[in-house]
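Chain residues, written in single-letter form:
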Amino acid sequence: MKSTAVTIKEISSLSGYSISTVSKALNNKLEISKATRETIKTIAKQHNYVPNNYAVSLRMQKTGSIAVILPEVTQARYGHSLCHLQKSAEILGYRILFYQSFNCNTKELNYIKSLSDGSIDGIIVISSNNKSKSQFENNSFPIEFLYLTADSSLDEIKQQSYKSLTNVLKG
């Protein structure tokens, strides 16, 4: 199934400008005249151009995505944490991808391994028990562990969640 999203290459063809010029115009580079930038942006808008997030991530070396691995979203403390993490992440310009481990250490490790493809900027692993950090080392992204107990208050969950998020973003 072919994507219907218009590409820079197609905008180049439609506008008559080179791919490089189109890219620079869409990124507001001042070396491209204002008239050319406006022409290219008009064509892009007419064709509902949306930048390719993967290409932007490669260029910026930042995906804008944080993975959250939790035991089970239906358990209140984990659901509250995920909710707070998502709200906080969005304010900071990030999105959350979440995975459920169902308390299976092997699933957690498999998720971490599959996410090491550069698709995320960091991982937060939520659990009710301490994990050996050594088994999670040697990754190209930061991993933060968030331990929530059954008696964690809502305020504690919010505070710990926010702290974990900021620690991951610091790297």
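See the structure shown above.
Presented here is an overview of the structure given in this document. (Residues numbered from 1 in each chain as written. Predicted model: local features only at pLDDT ≥ 70, side-chain atom pairs only at ≥ 80, totals over all residues. Heavy atoms only, no water.)

1. Points about helix H3 (residues 34–46)
Each α-helix winds once per 3.6 residues, and so residues spaced three or four apart point in a common direction. Counted at 1.5 Å a residue, the expected span for H3 with its 13 residues is 18 Å, and the 18 Å between its end C-alpha atoms agrees. Inspection of H3 places Thr36, Arg37, Ile40, Ile43 and Ala44 among the buried residues, and these make up the whole buried set. With its buried residues spanning 130° around the axis, H3 presents them on a single face. The exposed set on the far side of H3, more than 90 degrees from its buried face, consists of Lys34, Ala35, Lys45 and Gln46. Tucked into the core, H3 has its buried residues touching helix H1 (8–15) and helix H2 (19–26). (Helix = DSSP H or I, 4+ residues; strand = E, 2+ residues; numbered from the N terminus. Expected span 1.5 Å × (residues − 1). Buried < 20%, exposed > 50% of the residue type's maximum accessible area, 1.4 Å probe, protein only. Arc of directions from axis to C-beta. Contact = heavy atoms within 4.5 Å.)

2. What to know about the pairing of strand S3 (residues 122–127)
Both faces of the sheet carry side chains from a regular strand, because those side chains alternate between them. Along S3, six of the six residues are buried, which leaves the element largely enclosed by surrounding structure. The side-chain alternation of S3 yields two buried faces, one formed by Gly122, Ile124 and Ile126 and the other by Ile123, Val125 and Ser127. Where strand S1 (residues 65–70) meets S3, four bridges bridge the pair, whose relative direction is parallel. Residue pairing in the sheet places Ile66 in a bridge with Gly122 of S3. Bridge count for S3 against strand S4 (residues 143–147) is five bridges, and the pairing is parallel. Within S4, the position partnered with Ile123 by the bridge is Ile143. (Pairing = 2+ DSSP bridges.)

3. So, a nonpolar patch on the surface
Together, Ile91, Leu92 and Tyr162 line one region of the surface with nonpolar side chains, adding up to about 320 Å² of accessible area. Along the chain, Leu92 falls in the loop between helix H5 (76–91) and strand S2 (95–100). (Patch = residues over 30% accessible without salt bridge, like charges linked within 9 Å, V, L, I, M, F, W, Y side chains within 5 Å. Areas by Shrake-Rupley, 256 points an atom, 1.4 Å probe, with all protein chains shown as cover. Salt bridge = Lys/Arg side-chain N within 4 Å of Asp/Glu carboxyl O.)

4. Here we look at unusual backbone geometry
Phi is positive for Asn48, close to 55°, though the residue is something other than glycine. Its location among the elements puts Asn48 in the loop between H3 and helix H4 (53–60). On the basis of relative accessibility, which here comes to 61%, the residue Asn48 falls in the exposed class. In this structure, Phe102 takes a positive phi of about 50° despite not being glycine. Within the secondary structure layout, Phe102 lies in the loop between S2 and helix H6 (105–115). A relative accessible area of 46% places Phe102 in the partly exposed class.

5. Notes on the packing of aromatic side chains
Counted under the stated rule, the structure contains two aromatic pairs. Aromatic side chains Tyr99 and Tyr111 sit 5.0 Å apart centroid to centroid with 40° between the ring planes, which places their arrangement in the tilted category. Linking Tyr99 in strand S2 with Tyr111 in helix H6, this pair joins segments that are 12 residues apart in sequence. Judged by relative accessible area, which is 24%, Tyr99 ranks as partly exposed. (Phe/Tyr/Trp six-rings, centres within 6.5 Å; stacked < 30°, edge-to-face > 60°.)

6. Comments concerning the packing of H2 against H3
At a minimum axis separation of 9 Å, H2 and H3 run at an interaxial angle of 90°. In terms of axis orientation, H2 runs roughly perpendicular to H3. Across the interface between the two elements, Thr21, Val22, Ala25 and Leu26 from H2 touch Thr36, Arg37, Ile40, Lys41 and Ala44 from H3. Class assignment of the residues belonging to the contact of H2 with H3 gives a composition of five nonpolar, two polar and two charged. (Axes fitted to C-alpha atoms, helices over the stretch in contact; angles between N-to-C directions. Parallel < 35°, antiparallel > 145°, perpendicular 65-115°, else oblique. Nonpolar A, V, L, I, M, F, W, Y, C, P; charged D, E, K, R; others polar.)

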